[in-house]
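Fold and geometry: a report
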Amino acid sequence: MSDLSHSSGASHGWLASLRQTFRLLMQDSFAASGLIILGMFIVLAIVAPIFAPYDPYEVMMTEAGRLNRLSPPTLAHPFGTTAYGNDVLSQFMHGARVAMIVGLVAALAVGLVSTVVGIVAGYFGGWIDDILMRLTDVALSIPTLPFAIVAVSLLGPSLQNIILVISVLFWRNGARIIRSAVLTERERVYVRWARAAGASHAHVIFHHILPNTIRVVFLWITMSVAFAILTEASLSFLGLGDPSVISWGQMLNTAFSSGSLRTAWWWVVPPCLALTLLVSSLYLIGRGYEEQTNPRLRRV
């Protein structure tokens, strides 16, 4: 009986599953808090070019005509200035744009590759599964950060290359996780009945398999956003970020290279705190959603 009801729910398609996903998120206090924090950063990224008080590369000068370097927070510069006279608040706001662009675009790319590989391998099985999983095993043997450093160094430091490297690196675990969920779903009674009724592979995948594995896909995409943001920040801190844009990792790299990492707290704390809050919000979203969809994890 549960399989029959599951089948009728699956027939509404994956779009209905996505709507249900967001309804579940709003029912959990942890996930709702994470969504609010994430929403604040998204809004900050959108309005940064409009509301940032200065150009992130503009050099601030004092009334005496000197470089306004390493100035603590003031009314004119609420987050202070850098060692090169740049406004920290403006750089911080523009850095949010880079974090959101890299996080969302890379996570969508990772989610797409992981989902395609996981569903194809799990659904068709046989030699297709063997080939895809052996490729996944090879990919899993590649060390993440050393490979990212070498790849970005060879390709050149740009947002496009960083997103490409992240997409190449982080699909591996997701493919195995989604494949495991597909292996369970393909043995359901309603899937067997759909096959017996002559349904095409595409119909079974999009109307039965995908809607019922969307929870796993959503969780993996959520975690991929955090992985992508942290990877970009790590590469930028190591000096491999896109030099044409300001990112939080690049702010920390500049503070470190100027010798101000320990003294100019107003320069270091904002990007560190933002990275912590942003990654934590994604964890809260994933944790809350998993708790809502898994009865064994629900709080009594």
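Residues numbered from 1 in each chain as written. Predicted model: local features only at pLDDT ≥ 70, side-chain atom pairs only at ≥ 80, totals over all residues. Heavy atoms only, no water.

What follows is about the overall build of the protein. Of regular secondary structure, the protein possesses 11 helices and 0 strands. Going from N to C terminus, the protein has its helices and strands arranged as α-α-α-α-α-α-α-α-α-α-α. Expressed along its principal axes, the backbone C-alpha trace of the protein runs to roughly 85 × 45 × 30 Å. Out of the 300 residues belonging to the protein, those deemed buried represent 49%. Counting contacts in the protein only where the partners sit at least 6 residues apart, residues at least 24 apart contribute 72% of the total. In the structure as shown, the protein presents an accessible area of about 15,000 Å², 68% of it carried by carbon and sulfur atoms. (Helix = DSSP H or I, 4+ residues; strand = E, 2+ residues; numbered from the N terminus. Buried < 20%, exposed > 50% of the residue type's maximum accessible area, 1.4 Å probe, protein only. Contact = heavy atoms within 4.5 Å. Areas by Shrake-Rupley, 256 points an atom, 1.4 Å probe, with all protein chains shown as cover.)

On to the packing of aromatic side chains. Between two aromatic rings, the relevant description is the distance of the centres plus the angle of the planes. Under the criterion given, the structure shown has 8 aromatic pairs. The cationic tip of Arg287 hangs over the ring face of Phe30; the distance from NZ or CZ to the ring centre is 4.3 Å. (Phe/Tyr/Trp six-rings, centres within 6.5 Å; stacked < 30°, edge-to-face > 60°. Lys NZ or Arg CZ within 6 Å of the ring centre and 35° of its normal.)

With that settled, consider helix α8 (residues 189-196). Listing the buried residues of α8 in full gives Tyr190, Val191 and Ala194. The arc that holds every buried residue of α8, seen down its axis, measures 105°, which confines them to one face. Across α8 from its buried face, at more than 90 degrees, point the exposed residues Trp193 and Ala196. Just downstream of α8, Gly198 is the residue with a positive phi angle, here 95°. (Arc of directions from axis to C-beta.)

As a further point, take the confidence of the model for the protein. Per-residue confidence for the protein gives a mean pLDDT of 86; residues scoring 70 or more make up 90%. Confidence, expressed as mean pLDDT per element, reaches its minimum in the protein at helix α1 (residues 2-10) with 42 and its maximum at helix α10 (residues 248-257) with 93. Predicted confidence is poor over residues 1-11, with pLDDT under 50, and the contacts of this stretch with residues over four places away or in other chains come to 14 contacts. (pLDDT = per-residue confidence, 0-100.)

Before going further, it helps to examine helix α9 (residues 201-237). Counted at 1.5 Å a residue, the expected span for α9 with its 37 residues is 54 Å, but the 46 Å between its end C-alpha atoms falls short. After α9 finishes, the residue Gly239 shows a positive phi value of roughly 90°. (Expected span 1.5 Å × (residues − 1).)

A word on the packing of helix α7 (residues 159-185) against α9. Across the interface, α7 lies against α9 with an axial gap of 9 Å and an inter-helix angle of 155°. Compared by their axis directions, α7 and α9 come out roughly antiparallel. The two elements α7 and α9 meet at a crossing, and its hand is right-handed. Where α7 abuts α9, its residues Ile162, Ile166, Phe170, Asn173, Gly174, Ile177, Ile178, Ala181, Val182 and Glu185 lie against Ile209, Asn212, Thr213, Val216, Val217, Trp220, Phe227, Ala228, Thr231, Glu232 and Leu235. For the contact of α7 with α9, the residue count by class is 14 nonpolar, 5 polar and 2 charged. (Axes fitted to C-alpha atoms, helices over the stretch in contact; angles between N-to-C directions. Parallel < 35°, antiparallel > 145°, perpendicular 65-115°, else oblique. Left-handed = near helix turned anticlockwise from the far one by under 90°. Nonpolar A, V, L, I, M, F, W, Y, C, P; charged D, E, K, R; others polar.)

We now examine empty space enclosed by the protein. In total, this model carries 1 cavity of 30 Å³ or more according to the counting rule given. Volume-wise, the largest cavity comes out at about 30 Å³. Lining of the largest cavity is provided by Gly95, Val98, Ala99, Ile229, Glu232, Ala233, Ser247, Trp248 and Leu275. For the lining of the largest cavity, the elements supplying multiple residues, two or more each, are α4 (88-124) and α9. Counted by class, the lining of the largest cavity contains 6 nonpolar, 2 polar and 1 charged residues. (1 Å grid on protein atoms, 1.4 Å probe; cavity = no way out; pocket = protein on both sides within 12 Å on 5 of 7 lines; lining within 4 Å. Points joined across faces, edges and corners; volume = space filled by probe spheres on them.)

Another aspect to go through is the side chain of Asn161. Locating Asn161 in the fold gives a position in helix α7. In contact with Asn161, other than residues within four places in its own chain, are Leu155 and Gly156.

Quick look at the side chain of Ser260 now. As for its position among the elements, Ser260 is in the loop between α10 and α11 (265-293). Here Ser260 falls in the buried class, since its relative accessible area comes to 3%. For Ser260, the side chain forms a polar contact with the side chain of Ser258, separated by 3.2 Å. Contact partners of Ser260, with chain neighbours within four places excluded, come to Leu70, Ala83, Ala255, Trp267 and Val268. (Polar contact = N/O pair within 3.5 Å; in protein donor to acceptor, adjacent residues only side chain to side chain.)

Take unusual backbone geometry next. Most peptide bonds take the trans configuration, and most residues that are not glycine carry a negative phi. With phi around 50°, Leu70 is a residue other than glycine that occupies positive phi space. With respect to the helices and strands, Leu70 occurs in the loop between α3 (29-51) and α4. Judged by its relative accessible area of 25%, Leu70 is partly exposed.

In this structure, Leu235 sits in helix α9. Relative accessible area serves as the criterion here: at 0%, Leu235 is assigned to the buried category. Each C-alpha atom, one on Leu235 and one on Ile131, is 32 Å from the other, the two residues being 104 residues apart in sequence. Look past the residues within four positions of Leu235 in its chain and what remains in contact with it is Leu145, Ala148, Ile149, Val152, Ile162, Leu240 and Gly241.

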